[in-house]
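# Secondary and tertiary structure notes
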Amino acid sequence: MSTLIVVDQAPYGSWAGREALDMTLSLAAFDQPAALLFTGAGVNWLRKHQAPEEIGQKSVEKNLAAAPIFGVEEILADATACQRYGLTEDNMIAGASMVADTSATLNSHQQVVFAG
Amino acid sequence: MSTLIVVDQAPYGSWAGREALDMTLSLAAFDQPAALLFTGAGVNWLRKHQAPEEIGQKSVEKNLAAAPIFGVEEILADATACQRYGLTEDNMIAGASMVADTSATLNSHQQVVFAG
Amino acid sequence: MENMTSPNQQSATLHILNKAPEHSRFEACMNALCPEDILVLSENAVLALADQNAAIPENSLALAPDLAARGLGADFEKQAISYQDLVRLTEEHPRIISW
Amino acid sequence: MENMTSPNQQSATLHILNKAPEHSRFEACMNALCPEDILVLSENAVLALADQNAAIPENSLALAPDLAARGLGADFEKQAISYQDLVRLTEEHPRIISW
Amino acid sequence: MPTSLTYTLVITGAPWTSQAPQTALAFARELVSAGHRIDRVFLYGDGIHLASALSTPPSDERHWPREWTEFLAEHGIPAVACIASALRRGLVDEAEQARYELTGSNLRPPFEIAGLGEWVEGNMKSDRVIYFHGSV
Amino acid sequence: MPTSLTYTLVITGAPWTSQAPQTALAFARELVSAGHRIDRVFLYGDGIHLASALSTPPSDERHWPREWTEFLAEHGIPAVACIASALRRGLVDEAEQARYELTGSNLRPPFEIAGLGEWVEGNMKSDRVIYFHGSV
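Reading the values: rules and limits
- Residues numbered from 1 in each chain as written.
- Chains lettered and ligands numbered in written order.
- Predicted model: local features only at pLDDT ≥ 70, side-chain atom pairs only at ≥ 80, totals over all residues.
- Heavy atoms only, no water.
- Contact = heavy atoms within 4.5 Å.
- Buried area = accessible area lost by both parts, 1.4 Å probe.
- Salt bridge = Lys/Arg side-chain N within 4 Å of Asp/Glu carboxyl O.
- Polar contact = N/O pair within 3.5 Å; in protein donor to acceptor, adjacent residues only side chain to side chain.
- Helix = DSSP H or I, 4+ residues; strand = E, 2+ residues; numbered from the N terminus.
- Nonpolar A, V, L, I, M, F, W, Y, C, P; charged D, E, K, R; others polar.
- Buried < 20%, exposed > 50% of the residue type's maximum accessible area, 1.4 Å probe, protein only.
- Arc of directions from axis to C-beta.
- Axes fitted to C-alpha atoms, helices over the stretch in contact; angles between N-to-C directions.
- Parallel < 35°, antiparallel > 145°, perpendicular 65-115°, else oblique.

## Some words on the interface of chain E and chain F
- The interface is formed by 24 residues belonging to chain E together with 24 residues belonging to chain F.
- Between chain E and chain F, roughly 2000 Å² of surface is buried when both sides are summed, and carbon and sulfur atoms account for 53% of that area.
- The interface formed by chain E and chain F contains two salt bridges.
- Taking the shortest distance from any N to any O, the salt bridge between E61(E) and R88(F) comes out at 2.6 Å.
- On inspection of chain E and its partner chain F, the count reaches eleven residue pairs in polar contact (both at pLDDT 80 or more).
- The dominant element in the side of chain E that touches chain F, judged by the number of residues it contributes, is helix α3 (residues 83–89) of chain E, at three residues.
- Here the side of chain E that touches chain F is built from residues that sort into ten nonpolar, ten polar and four charged.

Structural data, given as structure tokens:
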């Protein structure tokens, strides 16, 4: 039973993205199939060279990069949202794949979960 | 120095509208000029016949109706948002006035405050 | 309450949406709906029934207590369901998305 | 930092906006801007600079630490201001709206 | 009438900020009435504030933390607040109070504090997992 | 350089939910550096959680309630959490604990609990009132 965790909130202004990542890693830790989908302003979690130390937060870039090692099946990003926010394969962190049809992605997982 | 308190969040799903009303009444209690502006989904606070007891909340209809008595200068509603949500003078609580040019309303007050 | 379940309920998804029509997740939910899916509006989302801009499926349902709270109970009796009805919908739909 | 203050700063309003472009208050803020006003983007709102759909005034400013946090520091140096700059803007503008 | 199902309920919206705990409680009561089993309730993110022992609404308002804990106790339903969400936001039990040498504790029993593994287990053991989010 | 101004800061977003307390602290530090006076800090709505004495973030993360109270104490700045927001959300001082016979209190000094009148007074006495909201 595969679970898709969806992140649609912008980075750092709220905690929802971090909490979604924690959920995903927990599923993987218990060998449950899990994937992440970034949509809307949430795709900005995937931009390279984030420096949140300047606002007193820790970067999630390393955690995201390590997600596949911990068993997270896929890190997906809505292509339309990426285009909107100027995200390309060049400035996105490694390991994330763009999907053109987000509805199809949602429907291909048995569970779809938002962190908040 | 007049203060305009703006409510743009829908009723009952969040507390922001109640908290905005409390701020407005506090200003009035200290004889500070204060007015309320409802915009966006916030205009739905002004619909007649709200029955929030069914979801375990108290209605703010009486508090809003009493606001002028407590010295709140005006209760304003963005006309475009009212039209969008089917609010007319017939189904809006007494004492609220529609404004066509919300920008002008914002600019006519020295302070503009959101509750959250 | 009419059309509570679609003919094809086994594969249909139950969508429970609690965001006001202005919220970005509202539109995301609309975009994700398949024809056989069921949409239940709860909390702030019931305002979509009064919203002239919102394009929601004709067979959308809405929680009656949330409609009543927002002064919309009398206008949308046809769409209204109870919490008990919502429980039944969750029985019938193994796949549920809470937006 | 360029064009930090308008010529007509006495009557101009300083708008501080912290919502992402998808948020309904973002558009409300855009609609309320007068030509002489100053817009400072903070927190999630700095994403508007990268957003091809967002129509923000050309002289908009953005907090540098928030740009850096979101990986946008190098691309928008011209718009970047410090917290110290923001303090100065609040000195110069008696009328401030936090969206 | 289908056979009895097992549900996990996840609440991520806080009382007096969102409507999530109210909607979840109304739904949970109907679940029990319909003969279903609630495997557990999991509080995540801002939802952990529902487990505060110190919430004190005016006496003429509903008291969601108290109503929830009475419901949980009456039906013997386990309920857990996520430890990572809870500690940051200032919800601690006596064990965490002692561990971090804090001035007090504020967890309302029968709520307990535990990790996200409880949520994963709820996912694995339940026929349905229903989320109650905030609406802003 | 203009003359020194008096500011009231209002925080309505909670730590670990919003960025509001962080932005407000960075701004407040620059205010003090620039020679301005902070008349008071007022916590409203979810912002009251900044005054929790029990917040316990992981040791490698910033501790916003502690940093804020250290800043307030260093500069002698009064800070108040709105009583109506605080009581509902489970933030209480010892007086409220006694009054409502609660099991504990969790207000981090020098934060105090008082009514919206403190906010009105801040409005009246300050040259500028700046709001720090959540962003969702």
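There is more to say, and it comes next.
## Considerations on the arrangement of the chains
- By contact count, the dominant pairing among the twelve pairs of chains in contact is that of chains E and F.
- A minimum C-alpha distance of 10 Å separates chain D and chain E, which share no contact.
- With no contact between them, chain C and chain F keep their nearest C-alpha atoms 10 Å apart.

## Points about helix α1 (residues 24–32) of chain C
- Where α1(C) is concerned, the buried positions are R25(C), F26(C), C29(C), M30(C) and A32(C). In a view along the axis of α1(C), the buried residues occupy a sector of 165°, so they form one face of it. Residues E27(C) and N31(C) are exposed on α1(C) and point more than 90 degrees away from its buried face.
- On its buried face, α1(C) sits against α4 (102–107) and β5 (111–114) of chain A together with β1 (14–17) and β2 (38–41) of chain C.

## Looking at the environment of T103(E)
- Following the sequence through the fold, T103(E) ends up in the loop between α4 (94–100) and β4 (112–114).
- What makes T103(E) exposed here is its relative accessible area of 65%.
- Each C-alpha atom of the pair T103(E) and V41(E) lies 28 Å from the other, and the pair is 62 residues apart in sequence.
- Those residues in contact with T103(E), other than ones at most four positions away along the chain, are Q97(E), A53(F) and L54(F).

## A few points about unusual backbone geometry
- The residue after P109(E), namely P110(E), is reached through a cis peptide bond having omega 10°.
- We note that D31(A) has phi near 60°; this positive angle belongs to a residue other than glycine.
- Of note, D31(A) is situated in the loop between α1 (16–29) and β2 (34–38).
- Residue classification places D31(A) among the exposed residues on the basis of a relative accessible area of 68%.
- In this structure, Y12(B) takes a positive phi of about 75° despite not being glycine.
- Note on placement: Y12(B) falls in the loop between β1 (3–7) and α1 (16–29).

## Description of the packing of helix α3 (residues 83–92) of chain D against helix α1 (residues 20–33) of chain F
- At a minimum axis separation of 9 Å, α3(D) and α1(F) run at an interaxial angle of 70°. Relative to α1(F), the element α3(D) lies roughly perpendicular. Here Y83(D), Q84(D), L86(D), V87(D) and T90(D) of α3(D) come into contact with α1(F), specifically with T23(F), A26(F), F27(F), E30(F) and L31(F).
- Partitioning the contact of α3(D) with α1(F) into residue classes produces six nonpolar, three polar and one charged.

Honestly, it's all geometry; don't read function into it.
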